[in-house]
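Commentary on secondary and tertiary structure
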Amino acid sequence: MSIKIQDILKKYTMVFALIAVVIFFYVTTSGKILLPQNINNLISQNAYVFVLAAGMLLCILTGGNIDLAVGSVVCFVGGIGAVVMDKNINVWIAVAIMLIGGLLVGAWQGFWIAYVKVPPFIATLAGMYAFRGLANVVMQGLTIGIDNTTFLNVFGGGADCYIPDFLKMEGVDLNITCMLAGIIVVALFALFVIKNRLDAKSKGFDIAPLYQDIIKLVAVGASVLWIFYKLAKYKGIPAGLIWIAVVLLAYGYITSKTTIGRYLYAVGGNEKATRLSGIDSRKVFFFAYINMGLMAGLGGILTIARASGAQPTFGQGYEMDAIAACFIGGASAYGGEGGIFGVIIGAVLMGVINQGMSIMGISANYQKVVKGIVVLVAIIFDVLSNKKKK
Amino acid sequence: MGRILLEMKNITKTFPGVKALDNVNLQVEEGEIHALVGENGAGKSTLMNVLSGIYPYGSYEGDIIYNGEICQFQKITDSEKKGIVIIHQELALVPQMSIGENMFLGNERGKKSAINWNETYSEADKYLKMVGLSESSRVLIKDIGTGKQQLVEIAKALAKNAKLLILDEPTSSLNETDSRALLDLMLEFKKQGMTMIIITHKLNEVVYVADKITVVRDGSTVETLDCHSIAISEDRIIRGMVGREITDRFPKRSGVEIGDINMEVDNWTVYHPLYAERKVVDNVNMNVGAGEVVGIYGLMGAGRTELAMSIFGRSYGADITGTLKIKGEEVTLKNPREAINAHLAYVTEDRKGNGLVLSNPIRVNTSLANMAGVSKNGVIDVDKEYQVAVEYKDKLKTKTPSVEQNVGNLSGGNQQKVLLAKWMFTNPDILILDEPTRGIDVGAKYEIYCIINDLVKSGKSVVMISSELPEVIGMSDRIYIMNEGKFVGEMKAEDATQENIMACILQSGRGE
């Protein structure tokens, strides 16, 4: 029994770290960090981190490979979008152009990495310079504003980027749609857990003890409901949350249920063995990077929407935020290990630390120092716990 | 009776949840070669790690008495100072550095701020001569073969002024000639008064060099046999290791009819991928019938693995010429996927490097080469995958608590079974098994042989590459002998003896 508790502690170390950090900031900011508005900002401001980290995870899985060009690509794609929308072209065409732009960038980098075997670090370093330059060229070094309200509302910018409250009740200071959505999400999750359990039971598979599932259900259910309650107290569901949810669900599915997801882990775990198993590892690398390009495209969209415009300096350091979220979330720096759940925890942890320190009034310079230390500690922990396993 | 140089008394070492060593006693006399034998996981390596200080004093119970004094080693350098030097199974050499640099790595000649290279190389040359290597110590490690690298390791140990040399599986990656040379060198050292402990799976080597044999089983020392008082046979040692008599090391295969030819290779020539003028496989012709086990025997570097991999979807070599017929039809297999689709399987000799994803569970490894078998439109049916993994686990008797266990946590024999399961699940007609029993213990070997027999009974063809003569002779219906890229002989198993196979190789060498 005692060993089992240790295992759980080890598996969910970062969750406990997150809880500890939240409590810490709750005390030091005298509760401000958990105000509805701050919860809302935490989600909206960090939407790009979730999206980019999901893409980055796939690259890291293939063997600890990272994409340094992400920030520049975000800026480049965002710049293109802003310029296109500035010319009054249909907003959906602009969105399509940005996503396709991201895909093409991904294909460009993926080609060199997968088929010519340029080390990813170098190929994306080159991309980091080149696309930053191109972003400047596209925007001619200027800031371009976006005033298309459809675009802003859908992608989480401006004042009205919330799901409207269809079920508004007079005299109730709560966004009913938001609260209802939260309940539905929890209900679906509960159904999912129960179905899995029954499925496994009927087929005679090993199942985790009941109390574990119950703890999981209660913990997840309570935190989701609590977050939705906070959001309902503010303006409702921010558009950014929808995009985060879509991306995370999609990537959770890809990494755990599909063959291509399996190949990402296999290539990262042992590329030679994977190749000899008849899997074209080049295609796997290409997929990882073209996908990163797509996510950078979406990241660009969210970024310019949030800022209601594009600037040639946008996206700086975004690649590092995404990489840090993955590593804090337990992705192995050698590849083959990691998952979407970890990415969520990593991104939230980074976000909480950022916001907590901002509320405390700590200067941006020291914030960076703290972020650096957090990443290092997370990796040290990973290395040490792996060592003990052996 | 000589002086006791080393005594390990009542050594007990526990890892969380496991008792790895239980009251182990070992006595080594000065000037003897003491063999430590036992199945994988019996605790031999743990015992040597305790001795050399890898597990520091205090993490185990019991006493180490060396040279008459109780030792409390905190780290490896402590034991090395006393002259106890361990040479690990995996070579610890830096390929890009010269022999001399490697030999004094961490033990540099000269001052810390200024390495004396002249002294380094002249000292290194001296030790190289002692182990019978004629190479200059300025040659890079990557430019010499594995056999010579092993000798460099020994020279490195000598340079540390070793009095008690521990060799952990020193011949596991060496061919027969190199192994013999190494064993002879050990005997030579013995004459000069060196004390040695050898850990090995190869019992013929034990019989050849050892003065005493200590058998370890399940973390305890079972018995110590003195080779001088009575003649020790391999069967006697095996009995001690497994706790029972294995009457037949190779299971009999009866009533298997050899059918039509499943695979035929004609005039197969392969060039080295980097050195374009070097022929690695030279005009090889071979075939294998349904229900037949064909052995390919050859020394390390004969081109056996290269032949197999070049057949398996050109995964090795350049400029491959020749024809490959599967079930009478000529095919061109451009990559492993096409080979798998043609019902060919290649089970690698290097299960950790080329075979398995160690960080993934058994379930995932089992399905890796045949994802189509457990998925639909790119979506994996995890239930089905689980069932498949369990099915093969039961069929091959893989010892594991569950198929969700990471492969990296399994013993060598069980890893080999997972690797076999992976390829059996691709439903092959022809399996090329490259060193299928390398580095696994006697019991697991027997089980692998049984699996091979079951495979041919169901009409499949097996090509078994091996550098262990008894295995090739014991398991094959027919044997090809390979040397320096060429097939230099073919014989039926009933005509084959160790002597005439070796003679085949020696003659071909002379003919050049």
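Residues numbered from 1 in each chain as written. Chains lettered and ligands numbered in written order. Predicted model: local features only at pLDDT ≥ 70, side-chain atom pairs only at ≥ 80, totals over all residues.

**Quick word on the overall build of chain B**
The number of helices and strands found in chain B is 17 helices and 22 strands. Against the 2.2 N^0.38 benchmark of 24 Å for 512 residues, chain B shows a C-alpha radius of gyration of 24 Å, consistent with a compact globule. With respect to the three principal axes, the spread of C-alpha positions in chain B is 70 × 50 × 50 Å. Residue burial in chain B is summarised as follows: out of 512 residues, 47% are buried. A sequence separation of at least 24 residues applies to 69% of the contacts in chain B between residues at least 6 apart. (Helix = DSSP H or I, 4+ residues; strand = E, 2+ residues; numbered from the N terminus. Rg over C-alpha atoms; globule rule 2.2 N^0.38 Å. Buried ≥ 20, exposed ≤ 12 C-beta atoms within 10 Å, placed from the backbone. Contact = placed C-beta atoms within 7 Å.)

**Some points on helix α2 (residues 13–28) of chain A**
The first and last C-alpha atoms of α2(A) sit 22 Å apart over 16 residues, in line with the 22 Å expected at 1.5 Å per residue. A:Ser30 lies just past α2(A) and shows a positive phi near 40°. (Expected span 1.5 Å × (residues − 1).)

**Thoughts on the pairing of strand β22 (residues 486–492) of chain B**
All names here are of chain B. In the sheet, strand β21 (residues 478–483) pairs with β22 via six bridges, with the strands oriented antiparallel. Each bridged residue has a counterpart across the sheet, and for Ile 481 the counterpart in β22 is Gly 489. Hairpin connection from β21 to β22: two residues lie between these consecutive antiparallel strands, with Glu 484 at a positive phi of about 45°. (Pairing = 2+ DSSP bridges.)

**Some points on the sheet that holds strand β10 (residues 220–226) of chain B**
All names here are of chain B. Taken in spatial order, the six strands of this open sheet run β6-β7-β8-β3-β9-β10, and their pairing is mixed. The open sheet has two edge strands with one neighbour each: β6 (84–87) and β10. Taking the axes of each pair of neighbouring strands and ignoring which way they run, one obtains an average angle of 20° across the sheet. Bridge count for strand β3 (residues 33–37) against strand β9 (residues 212–217) is four bridges, and the pairing is parallel. (Axes fitted to C-alpha atoms, helices over the stretch in contact; angles between N-to-C directions.)

**Structural notes on the pairing of β3(B)**
All names here are of chain B. Burial runs high along β3: five of the five residues are buried. On β3, burial covers both faces: Ile 33, Ala 35 and Val 37 on one face and His 34 and Leu 36 on the other are all buried. Bridge count for β3 against strand β8 (residues 195–199) is four bridges, and the pairing is parallel. Each bridged residue has a counterpart across the sheet, and for Leu 36 the counterpart in β8 is Ile 199.

**A short note on the interface of chain B and chain A**
Contacts between the two partners involve 25 residues from chain B and, on the opposite side, 20 residues from chain A. For the side of chain B that touches chain A, a count of residues per class yields 13 nonpolar, 10 polar and two charged. (Nonpolar A, V, L, I, M, F, W, Y, C, P; charged D, E, K, R; others polar.)

**Remarks on the sheet that holds strand β20 (residues 461–466) of chain B**
Two modes of strand pairing occur in sheets, parallel and antiparallel, and in both the strands are linked by backbone hydrogen bonds. Residues and elements named next belong to chain B. Spatially, six strands are ordered β16-β19-β20-β13-β21-β22 in an open sheet, and the strand pairing comes out mixed. Each edge of the open sheet is held by one strand with a lone partner, namely β16 (344–347) and β22. For this sheet, the mean angle separating the axes of adjacent strands, direction not counted, is 20°. Against the sheet, helix α15 (residues 442–457) makes contact with β13 (293–298), β19 (430–434) and β20, and its axis sits at roughly 150° relative to β20, the strand it touches most.

**Topic: the packing of helix α4 (residues 47–61) of chain A against helix α14 (residues 281–307) of chain A**
Residues and elements named next belong to chain A. Between α4 and α14, the shortest axis-to-axis distance is 8 Å and the interhelical angle comes to 175°. Between α4 and α14, the angle falls in the class roughly antiparallel. Across the interface between the two elements, Ala 47, Tyr 48, Val 51, Leu 52, Ala 54, Gly 55, Met 56, Leu 58 and Cys 59 from α4 touch Ala 288, Tyr 289, Asn 291, Met 292, Met 295, Ala 296, Leu 298, Gly 299, Leu 302 and Thr 303 from α14. Here the contact of α4 with α14 is composed, by residue class, of 15 nonpolar, four polar and no charged. (Parallel < 35°, antiparallel > 145°, perpendicular 65-115°, else oblique.)

**Let's talk about unusual backbone geometry**
Residues and elements named next belong to chain B. A positive phi angle is found at Glu 169, which is not glycine, with a value near 45°. In this structure, Lys 327 is a non-glycine residue whose phi angle is positive, near 50°. Within the secondary structure layout, Lys 327 lies in the loop between β14 (318–326) and β15 (329–331). For Lys 327, a count of 15 C-beta atoms within 10 Å corresponds to the partly exposed category.

**Considerations on the nonpolar core**
Within the largest apolar cluster, 188 residues are counted, with the highest numbers of intra-cluster contacts made by A:Val51, A:Leu52, A:Ala53, A:Met56, A:Leu57 and A:Cys326. Here this core takes 15 residues from α14(A), the largest share from any one element. Those residues in contact with A:Ala53 that lie beyond four places of it in its chain are A:Ala322, A:Ala325, A:Cys326, A:Val343, A:Gly346 and A:Ala347. One finds B:Ile33, B:Ala35, B:Leu51 and B:Ile154 within the second-largest nonpolar core, a separate group that totals 67 residues. (Core = buried A, V, L, I, M, F, W, Y, C linked by C-beta atoms within 7 Å.)

**Quick look at the packing of helix α5 (residues 70–86) of chain A against helix α15 (residues 318–328) of chain A**
All names here are of chain A. Remark: α5 packs on α15, axes separated minimally by 6 Å, with the N-to-C direction vectors making an angle of 130°. Comparing their axes, α15 and α5 come out oblique. Side by side, α5 and α15 meet where Val 70, Gly 71 and Val 74 of the first sit next to Tyr 318, Glu 319 and Ala 322 of the second. Tallied by class, residues from the contact of α5 with α15 come to four nonpolar, one polar and one charged.

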